[in-house]
Amino acid sequence: MKAFKLLVLSLASAAIVSFSPTNKKIIVIDAGHGGNDMGATYNQASEKQIVLGVASKIKNLNKSEDYEIILTRDSDQYADLSNRTAMINKLNPEMVISLHINRTPGSETDKKGHEIFTQNSDASKAFAEKISKKLGSCKIEEKNLHILRESKSPAVLVELGFINNKEDRDYLSSEAGQKELAQKFIEIINEK
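Residues numbered from 1 in each chain as written. Predicted model: local features only at pLDDT ≥ 70, side-chain atom pairs only at ≥ 80, totals over all residues. Heavy atoms only, no water.

1. Quick notes on the packing of helix H2 (residues 47–61) against helix H7 (residues 175–190)
The contact between H2 and H7 brings their axes to 8 Å, and the two run at 50°. With respect to each other, H2 and H7 are oriented oblique. Crossing geometry of H2 relative to H7 is assigned as right-handed. Residues Ile50, Gly53, Val54, Lys57, Ile58 and Leu61 of H2 pack against Glu175, Gln178, Lys179, Leu181, Ala182, Gln183, Phe185, Ile186 and Ile189 of H7. (Axes fitted to C-alpha atoms, helices over the stretch in contact; angles between N-to-C directions. Helix = DSSP H or I, 4+ residues; strand = E, 2+ residues; numbered from the N terminus. Parallel < 35°, antiparallel > 145°, perpendicular 65-115°, else oblique. Left-handed = near helix turned anticlockwise from the far one by under 90°. Contact = heavy atoms within 4.5 Å.)

2. Concerning the confidence of the model for the protein chain
Close reading of the predicted structure is inappropriate where its pLDDT is low. Confidence along the protein chain averages 91 in pLDDT terms, with 89% of residues attaining 70 or more. Every residue in residues 2–21 scores below 50 in pLDDT, and together they form 0 contacts with partners more than four places removed in sequence or on other chains. (pLDDT = per-residue confidence, 0-100.)

3. Overview of the pattern of salt bridges
Going through the model one piece at a time under the given rule, you end up with 11 salt bridges. Between Glu187 and Lys134 there is a salt bridge, with its nearest N and O atoms 2.9 Å apart. Highlighted residues: Glu187 in helix H7 and Lys134 in helix H4 (residues 122–135), separated in sequence by 53 residues. Of the residues examined, Glu187 reaches a relative accessible area of 33% and is grouped as partly exposed. In this structure, Arg149 engages Glu150 in a salt bridge whose closest nitrogen and oxygen atoms are separated by 3.1 Å. (Salt bridge = Lys/Arg side-chain N within 4 Å of Asp/Glu carboxyl O. Buried < 20%, exposed > 50% of the residue type's maximum accessible area, 1.4 Å probe, protein only.)

4. A look at the pairing of strand S7 (residues 139–142)
Note: strand S6 (residues 115–118) against S7, 4 bridges, orientation parallel. When the bridges of S7 are listed, Ile116 appears paired with Ile140. (Pairing = 2+ DSSP bridges.)

5. Re the packing of aromatic side chains
Counted by the stated rule, this structure contains 0 aromatic pairs. Sitting over the face of the ring of Tyr42, Arg169 holds its NZ or CZ atom 3.7 Å from the ring centroid. (Phe/Tyr/Trp six-rings, centres within 6.5 Å; stacked < 30°, edge-to-face > 60°. Lys NZ or Arg CZ within 6 Å of the ring centre and 35° of its normal.)

6. Observations regarding the nonpolar core
The biggest cluster of nonpolar side chains holds 36 residues, and the ones touching the most others in it are Ile58, Ile97, Leu99, Val158, Leu160 and Phe185. Residue contacts for Leu99: discarding those within four places in its chain leaves Ile29, Asp30, Ala31, Gly32, Val51, Val54, Ala55, Ile58, Val158, Leu160 and Phe185. Ile26, Val96, Phe117 and Leu148 belong to the second largest nonpolar core, which has 10 residues in total. (Core = buried A, V, L, I, M, F, W, Y, C linked by side-chain atoms within 4.5 Å.)

7. Let's talk about H4
Over its 14 residues, H4 runs 20 Å from end to end, which matches the ideal 20 Å to within 8%, given 1.5 Å per residue. Taken residue by residue, H4 has Ser124, Phe127, Ala128, Ile131, Ser132 and Leu135 as its buried positions. The arc that holds every buried residue of H4, seen down its axis, measures 145°, which confines them to one face. Every exposed residue of H4 that faces more than 90 degrees away from the buried side is listed here: Asp122 and Lys133. For H4, the elements touching its buried residues are strand S5 (95–102), S6, S7, strand S8 (155–162) and H7. (Expected span 1.5 Å × (residues − 1). Arc of directions from axis to C-beta.)

8. Some details on the environment of Gln49
By the secondary structure assignment, Gln49 is in helix H2. For the pair Gln49 and Gly34, spaced 15 residues apart in sequence, the C-alpha separation works out to 7.7 Å. Within the local environment of Gln49, its side chain forms a polar contact with the side chain of Ser46, the two groups lying 2.9 Å apart. (Polar contact = N/O pair within 3.5 Å; in protein donor to acceptor, adjacent residues only side chain to side chain.)

So this is what it looks like as structure tokens:
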């Protein structure tokens, strides 16, 4: 009888331990815009749809035992900047990556490629350098944007390309392009 009680006790302990919450670090992916805020648009392509596609793919591709990916939005809904940064600050993540798409005035542009904006912090700038190495060398600039200024955690804002550049637009709008970008972000997050 004692052996049976010991067996039940050890099985119960193992079950409790296996269902205990893990101490995963949190990475927040902020898909800019949403709802009635389209962001940059070009014909049928919209920033809000593209960045949500990339953000969702980052979350789905994450298999890390060390990090949990949390999205500020997982559907076409609008959350104002104050609510988004309040959510971020409550989560206290390791890093915040805000995804956006650029647009210049005029219908088409020769400008293409990504840009990264940082906070005035060493962690933000170091993370921007990692992103630039993985996505390709680009302009990195400290900027006073709400999501960067109000986030207490290290944060970067990544402009993934120009919606009014055909090459960027075709890549960013495609399933393959979004999946490739998401995979690169997973690799960046998992770099030690």
